[in-house]
Amino acid sequence: MIAARPNLSLFCGRCFAHREASHATRLESHTVHGETFEAMDSFYVCLTCGEELDDPSVPDMMDPVFDAYRAKLGLLSPAEIVAIRESTGLSQVAFATLLGMSPATICGYERGNPHRPKEDVVFRLCRLPGAVRMLLRERGHLLKPGQRPTPTTPASRARGRR
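This report concerns the structure included in the present document. (Residues numbered from 1 in each chain as written. Predicted model: local features only at pLDDT ≥ 70, side-chain atom pairs only at ≥ 80, totals over all residues. Heavy atoms only, no water.)

### A few points about the state of the cysteines
Note the cut-off: When two cysteine sulfur atoms lie within 2.5 Å, the pair is treated as a disulfide. Buried residues are those whose accessible area, probed at 1.4 Å on protein chains only, stays under 20% of the maximum for their type, while exposed residues exceed 50% and partly exposed ones sit between those limits.
Evaluated as defined, the whole model comprises zero disulfides. Left without a disulfide partner, cysteine 12 is nearest to the cysteine sulfur of cysteine 49, which lies 3.5 Å away. Classification of cysteine 12 by relative accessible area gives buried; the value is 0%.

Here it is, written out as structure tokens:
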């Protein structure tokens, strides 16, 4: 059983004053990148006028929606994308350059913006050392000096000495 949240005093734009508000949730239909799914929305309701108010415990109201989208399609989470990029030893800018994406796109995906399944495949391929080496070979000329990864693992150091 989910414990009920206590009422809060929140600013109501309709009443133009702080009012007592009660917590509510509802299952809503959402569409992201053409995929329709349901996600639980959390909000408060002004007890004076009935206006729906943002839930202050959810700083970005789209996070639960984007999490449901990723779960439905089995896509990588933002933390997993960060871990893959960091495992390559590349900055966001260098990673974006090698993948043919903008740095803002990579930053957005790492911060929780939803990506499509085709980008998910590209990120998953980057888990393979051979794929990153191939990208460096084929697109490494696009990197600026100092953007190439430095060998950090014993295996990559050993390959570099051959």
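### Focus on the nonpolar core
Proteins that are soluble and globular tend to have nonpolar side chains buried together. How we decide: To define a nonpolar core, start from buried Ala, Val, Leu, Ile, Met, Phe, Trp, Tyr and Cys residues and group those joined through side-chain atoms within 4.5 Å. Numbering of helices and strands runs from the N terminus, with a helix taken as a DSSP run of H or I at least four residues long and a strand as a DSSP run of E at least two residues long. Residues are treated as being in contact if the distance between any of their heavy atoms lies within 4.5 Å.
If you look at the biggest cluster of nonpolar residues, it comprises 18 residues, and the most contacted ones within it are Phe95, Leu99, Ile106, Phe123 and Cys126. Per-element accounting of this core gives the leading share, five residues, to helix 3 (residues 92-99). If we ignore the near neighbours within four places in the chain, the residues touching phenylalanine 123 are Leu76, Ile81, Ile84, Phe95, Leu99, Met101, Ile106, Tyr109 and His115. Counting residues in each nonpolar core, the second largest holds eight residues, with Phe37, Ala39, Ala68 and Tyr69 among its members.

### Structural notes on the packing of aromatic side chains
Heads up, the rule is: Aromatic pairing here means that ring centres of Phe, Tyr or Trp (its six-membered ring) are within 6.5 Å. Orientation follows from the plane angle: under 30 degrees is stacked, over 60 is edge-to-face, and everything else is tilted.
Scanning the model with the defined rule gives four aromatic pairs in all. Centroid distance phenylalanine 11 to phenylalanine 16: 5.5 Å. Interplanar angle 75 degrees. Geometry classified as edge-to-face. Summarising the aromatic geometry, the rings of phenylalanine 37 and tyrosine 69 are spaced 6.2 Å apart at their centres and angled 45 degrees between planes, so their arrangement reads as tilted. A residue pair is termed long-range when its members are at least 10 positions apart, and phenylalanine 37 in strand 3 (residues 35-46) and tyrosine 69 in helix 1 (residues 63-73) qualify at 32 residues.

### Topic: the packing of helix 2 (residues 78-88) against helix 4 (residues 103-111)
Defined as follows: To get an axis, fit a line to the C-alpha atoms, keeping to the stretch in contact for a helix; angles then go from 0 to 180 degrees between the N-to-C directions. Any angle that is under 35 degrees is reported as roughly parallel, and any over 145 degrees as roughly antiparallel; angles of 65 to 115 degrees are reported as roughly perpendicular and all others as oblique. For this classification, the nonpolar set comprises Ala, Val, Leu, Ile, Met, Phe, Trp, Tyr, Cys and Pro, the charged set comprises Asp, Glu, Lys and Arg, and every other residue, Gly included, is treated as polar.
Running from N to C, helix 2 and helix 4 cross one another at 130 degrees; their axes reach a closest spacing of 6 Å. By the criterion of interaxial angle, the relationship of helix 2 to helix 4 is oblique. Contact with helix 2, carried on its side by Pro78, Ile81, Val82 and Arg85, involves Ile106, Tyr109 and Glu110 of helix 4 and no other residues of that element. Partitioned by chemical class, the residues of the contact of helix 2 with helix 4 number five nonpolar, no polar and two charged.

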